[in-house]
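What follows is the residue order along each chain.
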Amino acid sequence: MSTLTVPDATLAARLHELYHDQSKHSVYQSVPAFVARALGYQEEIHSLWRSDAPRYDYLAARLALPPQATIADIGANTGFFTLNLAHAFPHWRVAAYELNPRHAEFIRLTAAGFGLENVAVRPQSCDFAGLDQLPSFDAVLLLNVVHHAGFDFDRHVPDDNAAYTDHVVAYLRRLRTHTRRLVFQVGSNRGGDKSRPVHPRDDDHQRLRWTSDVLRAAGWRLAALGYAQLDAAGAVVFRDAPADLRERANAGTLAASEPFFAAAKLERFPGEFHRRPLIIAEATVSR
C-alpha cells in the first residue's frame, strides 16, 4: 500500500495549479479517490458527463493480467487511470504516455508523493510514427484518443471521414504489434469538433458498428463490451452488454435495429461521452 511522503497542503496546492493549466484537455479527469482522501483535494467533474471512476472499476475488473503485468496508458492526461492501477496493483508497472508537460508533472508528483515506484511517465509521442518506439506491453489503454487524429496529432490525415477511418484501422493494426490486450474508447466526432461527426451523435447502433468494424479490420476482437447505466440509487455504473450483442459486433452481423439500445436508454446521459462503448479487445492474429 502506498503512503503519502510529502506534506498534504504543499502537494495539493501544486497539483491544483498543474491541473488548471488552461490547455485543451485541462479540467478533464477526476482526481483518484485515494489521493482525494489523503490530501482533502478534489476537482469537480460532473459525473453524468464523464464518470472516470465507473469506467476504471469496469476495466480493472476485466483486465485479467499476470501478476507482473506491464501497462501503457496512452494520452494519460492527469493520470487518473495510471495512478489508480498503480495504486491498486502494486506489482504491475504502468507507463503514462503524456506530452502535456504540466499534466505529466501532475502524474510524477502524485506518484512520488504516494510512493508509487511502479509508475513511469513518458513524455513521448504515440502518434502513428511514434508507435514504432513503443515497447511491448501486456495491455494498452487507449481511451478517447484516436478521434483527435488529424488535429492534435497525425495532422497529415485528410479532413474527411473515410481517410480518418482508414487511419484509425492502420493505427490500431500497428498498435497490435506491441500488445495483445487493448482497452479502447473513442469519440463520435473528429478532433472533438461536433461539426465533424463520424456518425450521428444519437445513433448508438451506428457508433458500435463503426467502432467494432475498425477493431475487427485491425485484427482485434471484443472480449468485453461495457455501457454506462444508472444503478438503483441513480449513480453511474458500467455494465456488460449482452454477450450475443458483443459477438454480433465481432462477426460484423449487427442487426439493423438492436433492441439493446432501446432498453439501455443511453439518451438519458447529457452529451455523448457516456454513449461511447467501453471495450476490452484482444488481438486475433499474431504480431
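The structure under discussion appears in the preceding block.
The rules behind the values
Residues numbered from 1 in each chain as written. Predicted model: local features only at pLDDT ≥ 70, side-chain atom pairs only at ≥ 80, totals over all residues. Heavy atoms only, no water. Helix = DSSP H or I, 4+ residues; strand = E, 2+ residues; numbered from the N terminus. Buried < 20%, exposed > 50% of the residue type's maximum accessible area, 1.4 Å probe, protein only. Polar contact = N/O pair within 3.5 Å; in protein donor to acceptor, adjacent residues only side chain to side chain. Axes fitted to C-alpha atoms, helices over the stretch in contact; angles between N-to-C directions. Parallel < 35°, antiparallel > 145°, perpendicular 65-115°, else oblique. Left-handed = near helix turned anticlockwise from the far one by under 90°. Contact = heavy atoms within 4.5 Å. Pairing = 2+ DSSP bridges. Phe/Tyr/Trp six-rings, centres within 6.5 Å; stacked < 30°, edge-to-face > 60°. 1 Å grid on protein atoms, 1.4 Å probe; cavity = no way out; pocket = protein on both sides within 12 Å on 5 of 7 lines; lining within 4 Å. Points joined across faces, edges and corners; volume = space filled by probe spheres on them. Nonpolar A, V, L, I, M, F, W, Y, C, P; charged D, E, K, R; others polar.

*Asks:* Outline the environment of Arg201, supporting the account with residue identities and numerical values.
*Replies:* With respect to the element layout, Arg201 can be found in the loop between β5 (181-185) and α7 (204-217). On the basis of relative accessibility, which here comes to 39%, the residue Arg201 falls in the partly exposed class. Considering only alpha carbons, one finds Arg201 and Gly271, 70 residues apart in sequence, at a separation of 8.7 Å. Polar contacts involving the side chain of Arg201 include one to the side chain of Asp202, which spans 2.2 Å.

*Asks:* Help me get a handle on the packing of helix α1 (residues 8-19) against helix α5 (residues 101-113), residues and values and all.
*Replies:* Where α1 contacts α5, the two axes come as close as 9 Å, and the packing angle between them is 160 degrees. The angle between α1 and α5 falls in the class roughly antiparallel. Of the two elements, α1 crosses α5, and the hand of that crossing is left-handed. From α1, Leu11, Arg14, Leu15, Glu17, Leu18 and Tyr19 reach across to α5, where they touch Arg102, His103, Glu105, Phe106, Leu109, Thr110 and Gly113.

*Asks:* Please set out unusual backbone geometry residue by residue, giving values where relevant.
*Replies:* Backbone geometry places Ala64, a non-glycine residue, at a positive phi of 50 degrees. Secondary-structure assignment places Ala64 in the loop between α3 (52-62) and β1 (70-74).

*Asks:* Outline the sheet that holds β1, listing residues and values.
*Replies:* Reading across the sheet, the 8 strands line up as β3-β2-β1-β4-β5-β8-β6-β7 and stay open at both edges, with mixed pairing between neighbours. Pairing within the sheet leaves two strands with one partner each, and these edge strands are β3 (119-122) and β7 (236-240). Each strand axis lies, on average, 20 degrees off the axis of its neighbour in the sheet, ignoring direction. As paired strands, strand β4 (residues 139-143) and β5 are joined by 4 bridges and run parallel to one another. When the bridges of β5 are listed, Leu143 appears paired with Gln185. Seen against the sheet, α3 touches β4, β5, β6 (220-230), β7 and β8 (278-283) and runs at an angle of roughly 30 degrees to β7. Contacts from α7 reach β5, β6 and β8 within the one sheet, and its direction differs from that of β6 by about 155 degrees.

*Asks:* An account of the side chain of His205 is requested, with residue identities and associated values reported.
*Replies:* Structurally, His205 is set in helix α7. Judged by its relative accessible area of 12%, His205 is buried. Residues contacting His205, with those up to four places away along its chain left out, are Leu254, Ala255, Ala256, Ser257, Glu258 and Phe261.

*Asks:* Please provide a residue-by-residue account of the packing of aromatic side chains, values included.
*Replies:* Where two aromatic rings form a pair, the distance of their centres and the angle of their planes describe that pair. Going through the model one piece at a time under the given rule, you end up with 12 aromatic pairs. On the basis of an interplanar angle of 90 degrees and a centroid distance of 5.3 Å, the ring pair of Phe34 and Phe114 is categorised as edge-to-face. Residue Phe34 is located in helix α2 (residues 33-39), and its partner Phe114 is located in the loop between α5 and β3; the two are separated by 80 residues in the primary sequence. One exposure class covers both Phe34 and Phe114, and it is buried. Here a set of aromatic residues connected by ring pairs shows up, and it is made of Tyr56, Phe80 and Phe81.

*Asks:* Describe the layout of surface pockets, and please don't skip the residues or the numbers.
*Replies:* Roughly 670 Å³ of volume is contained in the largest pocket. Lining of the largest pocket is provided by 29 residues; of these, His25, Gly75, Glu98, Val145 and Asp152 occupy positions nearest its centre. When its residues are assigned to classes, the lining of the largest pocket shows 11 nonpolar, 11 polar and 7 charged. There is about 480 Å³ of room inside the second largest pocket. In terms of lining, the second largest pocket is formed by 20 residues, of which the most central are Asn189, Gly192, Lys194, Glu272 and Arg276. Each residue belonging to the lining of the second largest pocket can be placed in one class, and the counts come to 4 nonpolar, 11 polar and 5 charged.

*Asks:* Mind laying out the packing of helix α6 (residues 161-175) against α7, listing which residues take part and the relevant values?
*Replies:* How two helices sit against one another is set out by the angle between their axes and by the gap between those axes. At a minimum axis separation of 8 Å, α6 and α7 run at an interaxial angle of 50 degrees. It follows that α6 is oblique to α7 by the angle criterion. Between α6 and α7 lies a crossing of right-handed hand. Along the contact surface, α6 presents Tyr164, Thr165, Val168, Val169, Leu172 and Arg173, while α7 presents Trp210, Val214, Leu215 and Ala217. In the contact of α6 with α7, the residues fall into 8 nonpolar, 1 polar and 1 charged.

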